[in-house]
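# Fold and geometry: a report
The primary structure of each chain is shown beneath.
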Amino acid sequence: MGRTIWVLAVALGVTLSACKTVPAVPPSSADAPADATGTWRATATDADKERIRGWYSSWQTALANARAKGFGADIDREGVLLQPMAALPNPHLPAGDYRCRTVKVGTKGRSTLAYVGYSWFRCRVAPEQGLSSLTKLTGSQRPVGLIFPDNLKRQVFLGTLELGDEKMAVNYGSDRLRDMAGLVERIGDNRWRLVLPAPAYESLLDVIELVPAG
């Protein structure tokens, strides 16, 4: 199976079995509603709840920033991938291996471009006791986490960022610069995206496109 896995689910009682180290999450907050135990709202940090609430504003800001810096044609070429309202019903991301590519939109400063489209890497989705894990297997920046149900057009991803040659992800909630929160949406036949608003590094919005491998 490759690398050993820890858990992204102290609060959920989930034992993961994919091929990466998945971080542990802190216990659910004491003020979470009783019926929210095991949901993304019971698990997410306050900062990540705010990221999810502000997803549309973050997206619009990122697009405006990139267009103002001359990357409008690049954005338009991406089509529905970078269109905020393109999500389709039935967002469930089936288990399996995927090709995945990251597009970074907007920039936090002058040292990085306001649009960067990377080449394809490898990702994996695995069933995990009623939830799913999503792991980026290759590349220097690798999201690792769990996918939670939300509504008819989106699921919610909570995880952490693994960097460079690290072999184990840090625990979710232990480092706000590594915590990640985003939306999993279907945007076509056998085509999904993970939208990560307000990432800690470089960009104003990250979008990871996912299509089945092979």
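Below is a summary of the structure that appears in this document. Being a predicted model, the structure only gives us computed values, none of them experimental.

### Considerations on the pairing of strand E5 (residues 141-151)
Bridge count between strand E4 (residues 131-136) and E5: 4 bridges; the pairing is antiparallel. Residue pairing across strands places serine 133 opposite leucine 146, the latter belonging to E5. Joining the antiparallel neighbours E4 and E5 is a turn of 4 residues, in which glycine 139 adopts a positive phi near 105°. Relative to strand E6 (residues 154-163), E5 runs antiparallel, the two sharing 10 bridges. Across the sheet, the residue bridging to phenylalanine 148 is valine 156, located in E6. Two successive antiparallel strands, E5 and E6, enclose a turn made up of 2 residues.

### Focus on the state of the cysteines
Per the stated rule, a full pass over the model turns up 1 disulfide. Shown here is the disulfide that connects cysteine 100 with cysteine 123, its sulfur atoms set 2.1 Å apart. The sign of the 90° torsion about the S-S bond sets the cysteine 100-cysteine 123 disulfide as right-handed. In this pair, cysteine 100 sits in strand E1 (residues 96-105) while cysteine 123 sits in strand E3 (residues 121-128), placing the two residues 23 residues apart along the sequence. Assessed through its relative accessible area of 0%, cysteine 100 is described here as buried.

### Looking at the pairing of E4
In terms of burial, E4 is a largely internal element, 6 of the 6 residues being buried. Burial along E4 is two-sided: Leu131, Ser133 and Thr135 and Ser132, Leu134 and Lys136, pointing in opposite directions, are all buried. Of the strand pairs in this sheet, E3 and E4 are connected by 6 bridges, and their pairing is antiparallel. Bridging across to E4, glutamate 128 finds its partner in leucine 131. Hairpin connection, E3 to E4: the antiparallel pair is bridged by 2 residues, and glutamine 129 has positive phi, about 50°.

### Some details on the packing of aromatic side chains
In the structure shown here, the tally under the stated rule is 4 aromatic pairs. A centroid spacing of 6.1 Å and a plane angle of 90° characterise the contact between tyrosine 98 and tryptophan 192, whose relative ring orientation is edge-to-face. Taken as a pair, tyrosine 98 in strand E1 and tryptophan 192 in strand E8 (residues 191-197) lie far apart in primary sequence, 94 residues in all. On the basis of relative accessibility, which here comes to 4%, the residue tryptophan 192 falls in the buried class. Ring pairing ties together the aromatic residues Trp55, Tyr56 and Trp59, which thus form one cluster. Against the face of tryptophan 120 rests arginine 99, its NZ or CZ located 4.2 Å from the ring centre.

Reading the values: rules and limits
Sequence order sets the numbering: in each chain, residues are counted from 1 along the sequence as written. At least 70 in pLDDT is required for a residue's local features to be given in this predicted model, at least 80 for side-chain atom pairs to be given and counted, and no such filter applies to totals for whole chains, interfaces and linings, which use all residues. In computing side-chain properties, one takes all heavy atoms of the structure into account and sets aside hydrogens as well as water. Here a strand pair is declared whenever DSSP counts at least two bridges between the two strands. Only runs of H or I of at least four residues qualify as helices and only runs of E of at least two qualify as strands under DSSP, and these elements are numbered from the N terminus. For the purposes of this analysis, a disulfide is any pair of cysteine sulfur atoms at a distance within 2.5 Å. Summary of the burial criterion: residues with accessible area below 20% of their type's maximum are buried, those above 50% are exposed, and those between are partly exposed, where the area comes from a 1.4 Å probe applied to protein chains only. To pair, rings of Phe, Tyr and Trp, with the six-membered ring standing in for Trp, must have centres within 6.5 Å; the planes then decide the type, stacked if under 30 degrees apart, edge-to-face if over 60, and tilted in the middle. A positively charged side chain is recorded as over a ring if its NZ (Lys) or CZ (Arg) lies within 6 Å of the ring centre. The angle to the ring normal must also be within 35 degrees.

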